[in-house]
Amino acid sequence: MSQQPNITFIGGGNMAAALIKGLVNRFTPAGNINVIDVNPQTLQQLSQQFGVSVDRDVADAVAHCDILILAVKPQQIAPVLQDIAAQLRHQLVISIAAGIRTAELSAGLQGYAAVVRAMPNMPALIGRGMTGMFAMPGVSAEQRLHADTVMAAVGKTLWLQAEQSLDAVTGVSGSGPAFVFYFMEAMQQAAMEVGLSTADSKLLVLETVAGAAQLALQSDDEVALLRERVTSKGGTTFAGLNSLQQDDFCAAITRAVQAATTRSRELGEHS
């Protein structure tokens, strides 16, 4: 594989656009990136915004790339695999199609085994994503490094030894942003109920959550210790945490993550 690889995206949606933004002129020049999408407006927008090439000829674009990124919806994956299988020789295939197992991807590609499955999350759209990754045995060390570089363009990466662990990744980091947003919604509503304006409630909650997360990222201490440092016995935080404990807050979060993980497993088994 060349130092500045040719990359083809099949699918030009939000996650593809986020990856392109992170990759252009860092990992490879814009001219080395080709995007295929059925929507001409999407192609025009990506071309104008990033200077990438756009195409509707799947076979040619796949045959001449080093890295192929499948960024289509899960229900669109089967016909795409059928269209590209004959063109695969040496390419690294990275799939970000949610819930589609590598065995299914490989089978659809007539046994091709240089396949990496990646599970990014929503904050990847602003370059702060968390991506769980799994490589089939047919992926070389160099290809694995390239896959990591591609997904690191939108945040952090975590390689997993067992593919089934991606279901847990989905339950934690994939669904997790929605859980955090839900918590923030509740905090904003509570802030208004204790007398703050809508605008002030939003500002206080957003900055509190962002600041707490940044503090946890920059600290070497466990989050439990950080929590303890904010909590004086008999004080305001102590009272609030006691209320959360009485409402079984930790157990509710555990159940939410378990439910999301279970649903991810179910979707993968029936895809």
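Residues numbered from 1 in each chain as written. Predicted model: local features only at pLDDT ≥ 70, side-chain atom pairs only at ≥ 80, totals over all residues. Heavy atoms only, no water.

Can you walk me through the pairing of strand β4 (residues 67-70) in this structure?
Looking along a regular strand, one sees the side chains alternate between the two faces of the sheet. Both faces of β4 are covered, namely the face carrying Ile67 and Ile69 and the face carrying Leu68 and Leu70. By the bridge criterion, 4 bridges tie strand β1 (residues 7-10) to β4 in an arrangement that is parallel. Bridge assignment links threonine 8 to a residue of β4, and that residue is leucine 68. Direction of pairing for β4 relative to strand β5 (residues 92-95): parallel, over a ladder of 4 bridges. Counterpart to leucine 70 in the pairing with β5 is serine 95. As a crossover connection, the stretch from β4 through helix α4 (residues 77-84) into β5 is right-handed. (Buried < 20%, exposed > 50% of the residue type's maximum accessible area, 1.4 Å probe, protein only. Helix = DSSP H or I, 4+ residues; strand = E, 2+ residues; numbered from the N terminus. Pairing = 2+ DSSP bridges. Right-handed = clockwise from strand over helix to strand, strands pointing away.)

I tried to follow the packing of aromatic side chains on my own but got confused; where do I start?
Both the distance between ring centres and the angle between the ring planes are used here to describe each pair of aromatic rings. Scanning the entire structure with this criterion turns up 1 aromatic pair. Positioned above the aromatic ring of tryptophan 159, the side-chain terminus of arginine 144 is 4.0 Å from the ring centre. (Phe/Tyr/Trp six-rings, centres within 6.5 Å; stacked < 30°, edge-to-face > 60°. Lys NZ or Arg CZ within 6 Å of the ring centre and 35° of its normal.)

What is the right way to look at the side chain of threonine 28 in this model?
Within the fold, threonine 28 resides in the loop between α1 (14-23) and β2 (33-36). From its side chain, threonine 28 meets the backbone oxygen of proline 5 in a polar contact 2.7 Å long. The residues touching threonine 28, leaving out its near neighbours within four places in the chain, are Gln4, Pro5, Ile7, Leu23 and Ile33. (Polar contact = N/O pair within 3.5 Å; in protein donor to acceptor, adjacent residues only side chain to side chain. Contact = heavy atoms within 4.5 Å.)

Please explain the sheet that holds β1 as it appears in this structure.
Hydrogen bonds along the backbone pair up the strands of a sheet, which may run parallel or antiparallel. Read across the open sheet, the 8 strands follow the order β3-β2-β1-β4-β5-β6-β7-β8; overall the sheet is mixed. One side of each edge strand has no neighbouring strand; the edge strands of this open sheet are β3 (53-55) and β8 (155-159). Ignoring strand direction, the axes of neighbouring strands in this sheet form an average angle of 25°. Across 3 bridges, the pairing between β2 and β3 is parallel. Bridging across to β3, valine 35 finds its partner in valine 54. (Axes fitted to C-alpha atoms, helices over the stretch in contact; angles between N-to-C directions.)

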